[in-house]
Amino acid sequence: RAQRLSCTFFIIRRISTMKLYIGALILLSVAKLSVARATANVRGLQEEWRADLPWTDLISKLSSSTYLVNTSPSDFIDQCIPEFDKSYENRSNHNMIDQPSGLCMDQLFCAFEECNPNPDRSVPLINQQGDDPYLAYYSYSDLDDSIKKVVDDTSNPTYNLPSKVLFPVVASDVVAAINFAKEHGLEVSVKNSGHNYAGASTKKNTLHLNMNKYTQYAATGIMDCDAEITYEDMTGQPCRLSLAKGKSAVIRVGGGENWDKTYRAVLAANQEQEGGYKYHPVGGAAGTVSPMGWTFQGGLGGTTGGRLYGFGADQVLQLEMVLPNGQHVKFGPTEWEVSEGYDVPKTTTVAGVCRTNPDEMDEDNWLWGDCSEDINFDDLWFAVRGGGGGTWGVILSMHLQLHEHLPLERLFMNLEECINEDELEPSQLQSLVNAYQEFEIKAMFDPESINVTEGESNACGWPTGDAFYSCYGEGSAKVFETAWKKYLESISQRLIDDGVPVDQVDASLNCTGSVIQSFDSYADLVLSMTPIPGKIPDSPQPMITSTTATSSNIIIPKKWVLENIETAVTYFPPAPSGYKAFAGRSTAATSDQANSLSRAHRDGAYMMFIDHNLVGDDFFTYLFPEMFDTSDTTNFPGFIGSNHAGPNTRGPLKEDWTKACPLDWTAEERDEKCISLQEAIYGTKLLKRLEQIKEDIDPNYMFDCYGCIGNNRIKSVDEEEEKTDDSSSASSMLVTCCSYLIYVVCAAFGFAML
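Residues numbered from 1 in each chain as written. Predicted model: local features only at pLDDT ≥ 70, side-chain atom pairs only at ≥ 80, totals over all residues. Heavy atoms only, no water.

Undergrad: Would you take a moment to explain the overall build of the protein for this structure?
TA: Scanning the protein for helices and strands turns up 27 helices and 19 strands. Of all 754 residues assigned to the protein, the portion counted as buried reaches 56%. Taking the contacts inside the protein whose residues are at least 6 apart along the sequence as the reference set, 76% of them involve residues at least 24 apart. (Helix = DSSP H or I, 4+ residues; strand = E, 2+ residues; numbered from the N terminus. Buried < 20%, exposed > 50% of the residue type's maximum accessible area, 1.4 Å probe, protein only. Contact = heavy atoms within 4.5 Å.)

In structure tokens form, the structure reads like this:
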């Protein structure tokens with residue numbers, strides 16, 4: 001009643017009866033226009049989230065083809081689950097990323113908090129996912145009824161899906177959305193393809209930006225750089241930096257594009273060259289992975305020459321984004337210096353500009369100038385490249401390095417064809433297997449010891465689950481095949497002494513079962529085998545559970561492997577499960593020394609996906625201190641790979657680094673007492689620097705995705721209550737006042753009609 005009287009007195013004091021009558025007619029006319037605009041730009045019939053907010057104000061600032069969607073778990077069930085009901089080999093995220101709700105996730109369970117649909121969080125982690133190792137590959141209809149029951153329950157409180165999804169088309173749409181969120185205290189979540197294994201690209205109670213409709217640049221974004229030209233300002237900055245790195249081409253990729261679109265754009269440009277292919281991009285294996293999320297988590301190029309050209313974070317030349325303060329910026333290194341031991345210059349200064357006409361929708365009319373607020377572009381450049389996606393702002397585009405083209409050769413060693421397992425004792429077979437594991441370690445990480453050059457070694461990589469080496473350069477695969485035969489010959493007597501029959505050693509030496517395939521590029525390879533014609537396929541296909549829900553992706557240090565080859569072969573064999581996109585000279589030497597990729601990445605040999613049950617006390621007591629420096633008890637060393645990090649991965653106990661985080665604890669207990677996922681990735685000191693940058697750039701945590709920088713902070717009661725109280729009280733007062741105002745307006749209109 002008090003609120004109603006307050007509204008009444010407010011109205012009476014400011015308008016006369018005649019003004020109220022005229023105002024009513026005007027309001028009704030405007031309402032008709034607003035309804036027409038809202039109908040064109042808002043889709044979905046669900047109950048509107050945060051109905052107290054003036055969404056029509058946001059809609060009025062959007063481009064005509066941009067739309068806002070009201071969504072619910074029902075949309076996820078209707079639009080996304082049918083893809084998971086297919087057999088594993090027939091699924092594709094290509095069929096989900098364009099669904100109208102924008103809610104689909106590459107792993108079904110990642111539509112829920114911590115990629116876990118079980119609403120009973122008191123159940124220990126070990127009992128949450130079940131013990132079926134093949135659960136991830138099931139079809140949805142084949143799941144246990146108890147699992148389907150919680151997924152089909154649209155009231156399940158663990159659903160982690162936004163209720164409001166915006167599909168930006170141009171930069172001003174993103175600026176408008178961020179400013180709206182800032183004004184009304186909303187959180188924002190961002191997604192390209194929903195491929196994050198920890199579920200970081202979705203969050204309930206957020207204004208969600210699905211970037212799939214955003215302007216695409218890759219098809220026309222390749223630019224050749226001419227050393228004879230003096231490149232000025234930020235427009236020419238990507239080429240100036242590229243030339244400083246000894247490269248002569250770049251590509252601009254839009255914030256809504258994925259590797260499928262990027263690879264096909266480069267392929268089309270290559271096919272137009274009169275003298276043969278010219279360009280080579282370093283990217284992810286899966287077509288539906290975005291260059292943004294992949295790059296900012298580090299970017300492992302096991303199939304695309306990462307050991308030759310560096311990590312994804314090393315390929316970035318310039319970034320364009322909208323920050324949490326609403327500023328539309330572009331920035332990149334403008335000053336650098338030669339640094340001994342590195343193949344690229346060391347970044348010393350990063351500069352940027354802000355758009356001075358942020359409401360302009362036509363990019364041809366964009367104006368850039370000095371920023372109205374101080375922005376530490378050095379910190380931003382450092383944090384984004386390696387510090388994860390979805391937490392620093394919204395990426396609109398970025399310029400990536402293109403390298404000189406080299407043909408792709410695929411090598412399948414096919415050792416099984418040369419070994420008669422039925423005639424071998426288990427110990428004899430193990431001796432042959434161990435010999436091959438030793439060869440891989442030497443060939444990849446100490447190539448000169450077996451007369452392979454560093455360049456020849458760096459040319460080849462191998463992602464987990466692939467049966468083939470991916471080697472770049474004519475004859476590069478043959479080098480590895482020949483090196484294996486020579487290595488086997490050099491240790492043949494040792495194998496015989498270990499009991500391996502002479503005829504089996506000879507059969508391995510004379511084996512001709514290896515397969516070498518040649519392709520012009522990675523895109524040519526995967527387009528020849530895709531189940532969806534004309535699209536770069538998924539790798540892996542969408543799964544029911546998070547791909548790494550039950551495993552930790554540990555980076556095994558190169559130095560430790562070479563000093564402990566026998567132990568590495570026994571406990572961490574590099575083939576077939578080691579992700580070999582590390583340890584080439586380039587993975588360390590291509591750093592500009594101004595990025596946040598962890599030391600573990602730069603010093604790593606390969607990454608292993610190891611079941612949580614096997615990363616126990618023995619690992620942290622005996623092996624971990626050998627692999628990583630634990631002498632400083634205030635600086636826990638990062639050891640987890642950022643790419644592919646799963647929702648349940650944690651470090652050891654905070655109070656005792658020799659004790660693994662117990663799997664039979666609840667998630668709440670693990671978060672309280674164990675090293676966080678973030679600290680396990682970055683280490684204590686690097687994480688602290690990233691957290692400070694996060695505080696400076698986004699002090700209100702507009703972007704607060706799961707597993708991202710700052711998301712593991714201890715949220716104060718005041719912080720939680722402020723969000724709840726502000727939204728509820730504002731909503732209550734606004735609805736009450738507006739309801740009464742509508743009553744008065746309608747009464748006036750009715751009187752006028754009489």
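Undergrad: Would you mind going over helix α12 (residues 377–384) with me for this structure?
TA: In an α-helix, one full turn covers 3.6 residues, which means residues spaced three or four apart are oriented alike. For α12, the tally of buried residues reaches seven of eight residues, placing the bulk of the element in the interior. At its buried positions, α12 is contacted by α10 (291–296), β9 (316–322), β10 (328–337), β11 (346–355) and α26 (684–697). Just past α12, the residue glycine 386 takes up positive phi, approximately 125 degrees.

Undergrad: I'm lost on the confidence of the model for the protein in this one. Help?
TA: Interpreting fine coordinate detail is not advised for predicted regions of low pLDDT. Of the residues in the protein, 87% reach a pLDDT of 70 or more, and the chain-wide mean stands at 88. Taken as a whole, residues 1–40 scores under 50 in pLDDT and shows 25 contacts with residues more than four places along the chain or in a different chain. (pLDDT = per-residue confidence, 0-100.)

Undergrad: Hey, could you run me through the pattern of salt bridges in this one?
TA: Any two side chains of opposite charge can pair, given that their charged atoms come close. Taken as a whole, this structure holds 24 salt bridges when the rule is applied. In this structure, the salt-bridge partner of aspartate 698 is lysine 694, at a minimum N-O distance of 2.8 Å. A relative accessible area of 2% means that aspartate 698 is categorised as buried. One network of salt bridges, in which partners are shared, links Glu187, Lys203, Asp704 and Arg713. (Salt bridge = Lys/Arg side-chain N within 4 Å of Asp/Glu carboxyl O.)

Undergrad: Would you mind showing me how to read the environment of proline 281 here?
TA: By the element assignment, proline 281 lies in the loop between β8 (279–280) and α10. For the pair proline 281 and valine 266, spaced 15 residues apart in the sequence, the C-alpha separation amounts to 7.7 Å.

Undergrad: Just to check I follow, could you spell out the side chain of serine 63 for this structure?
TA: Relative to the assigned elements, serine 63 resides in the loop between α3 (55–60) and β2 (67–70). For serine 63, the side chain forms a polar contact with the side chain of threonine 66, separated by 2.7 Å. (Polar contact = N/O pair within 3.5 Å; in protein donor to acceptor, adjacent residues only side chain to side chain.)

Undergrad: What is the right way to read the packing of aromatic side chains from this model?
TA: The description of an aromatic ring pair uses the distance of the two centres, along with the angle that the planes make with each other. Scanning the entire structure with this criterion turns up 34 aromatic pairs. Where phenylalanine 624 meets phenylalanine 628, the ring centres are 5.1 Å apart and the plane angle is 40 degrees; that geometry is what we call tilted. Each member of the pair, phenylalanine 624 as well as phenylalanine 628, carries the same accessibility label: buried. These aromatic residues form a ring-pair network of at least three members: Trp560, Phe572, Phe619, Phe620, Phe624, Phe628, Phe636, Phe639 and Trp657. Stacked on the ring of tyrosine 217, the Lys or Arg arginine 252 has its end atom at 3.6 Å from the ring centre. In this structure, arginine 713 packs its charged tip against the face of tyrosine 701, placed 3.6 Å from the ring centre. (Phe/Tyr/Trp six-rings, centres within 6.5 Å; stacked < 30°, edge-to-face > 60°. Lys NZ or Arg CZ within 6 Å of the ring centre and 35° of its normal.)

Undergrad: I keep staring at the state of the cysteines and nothing clicks. Help me out?
TA: In a disulfide, the sulfur atoms of two cysteines are covalently bonded to one another. For the coordinates displayed, the defined rule picks out seven disulfides. Each disulfide pairs two cysteine sulfurs, and for cysteine 661 the partner residue is cysteine 674, the sulfurs being separated by 2.0 Å. Where cysteine 661 bonds to cysteine 674 through sulfur, the torsion about that S-S bond is close to 85 degrees, and the disulfide is right-handed. Here cysteine 661 is found in the loop between α23 (617–627) and α24 (667–673), whereas its partner cysteine 674 is found in the loop between α24 and α25 (677–682), with 13 residues between them in sequence. In this pair, the class of cysteine 661 matches that of cysteine 674, namely buried. Between the sulfur atoms of cysteine 705 and its disulfide partner cysteine 708 the distance amounts to 2.0 Å. As the torsion about the S-S bond is roughly -110 degrees, the cysteine 705-cysteine 708 disulfide counts as left-handed. Cysteine 708 carries the same exposure label as cysteine 705, and that label is buried. (Disulfide = S-S within 2.5 Å.)

Undergrad: Honestly, the packing of helix α13 (residues 426–445) against helix α15 (residues 476–490) in this entry has me stumped. Any pointers?
TA: Two quantities define a packed helix pair, namely the angle between the axes and the distance from one axis to the other. Where α13 meets α15, the closest approach of the two axes is 10 Å, and the angle between their N-to-C directions is 125 degrees. Of the possible angle classes, the one that applies to α13 and α15 is oblique. At the point where α13 passes α15, the crossing takes the right-handed sense. Facing α13, whose interface residues are Ala435, Tyr436, Glu438, Phe439, Lys442, Ala443 and Met444, α15 presents Phe480, Ala483, Trp484 and Tyr487. (Axes fitted to C-alpha atoms, helices over the stretch in contact; angles between N-to-C directions. Parallel < 35°, antiparallel > 145°, perpendicular 65-115°, else oblique. Left-handed = near helix turned anticlockwise from the far one by under 90°.)

Undergrad: Where do I start with unusual backbone geometry in this structure?
TA: Omega for the bond connecting serine 539 with proline 540 falls within 30 degrees of zero, at 0 degrees, which places this linkage in the cis form. Looking at the secondary structure, you find proline 540 in the loop between α18 (522–527) and β18 (551–557). Cis geometry marks the peptide bond from alanine 575 to proline 576, where omega comes out at 5 degrees. Secondary-structure assignment places proline 576 in the loop between α20 (565–571) and α21 (585–589). A positive phi angle is found at arginine 50, which is not glycine, with a value near 50 degrees. For arginine 50, the position within the fold is in the loop between β1 (42–43) and α3. Of note, the phi angle at alanine 583 is positive, near 70 degrees, even though the residue is not glycine. Relative to the helices and strands, alanine 583 resides in the loop between α20 and α21.

Undergrad: Is there a simple way to explain a negative patch on the surface in this structure?
TA: On the surface, a cluster of negative charge is contributed by Glu416, Glu421, Asp422, Glu423, Asp503 and Asp506. Along the polypeptide, aspartate 503 turns up in helix α17 (residues 502–509). With a relative accessible area of 45%, aspartate 503 lands in the partly exposed category. (Patch = residues over 30% accessible without salt bridge, like charges linked within 9 Å, V, L, I, M, F, W, Y side chains within 5 Å. Areas by Shrake-Rupley, 256 points an atom, 1.4 Å probe, with all protein chains shown as cover. Lys, Arg positive; Asp, Glu negative; His and termini not counted. Charge placed at Lys NZ, Arg CZ, Asp CG, Glu CD.)

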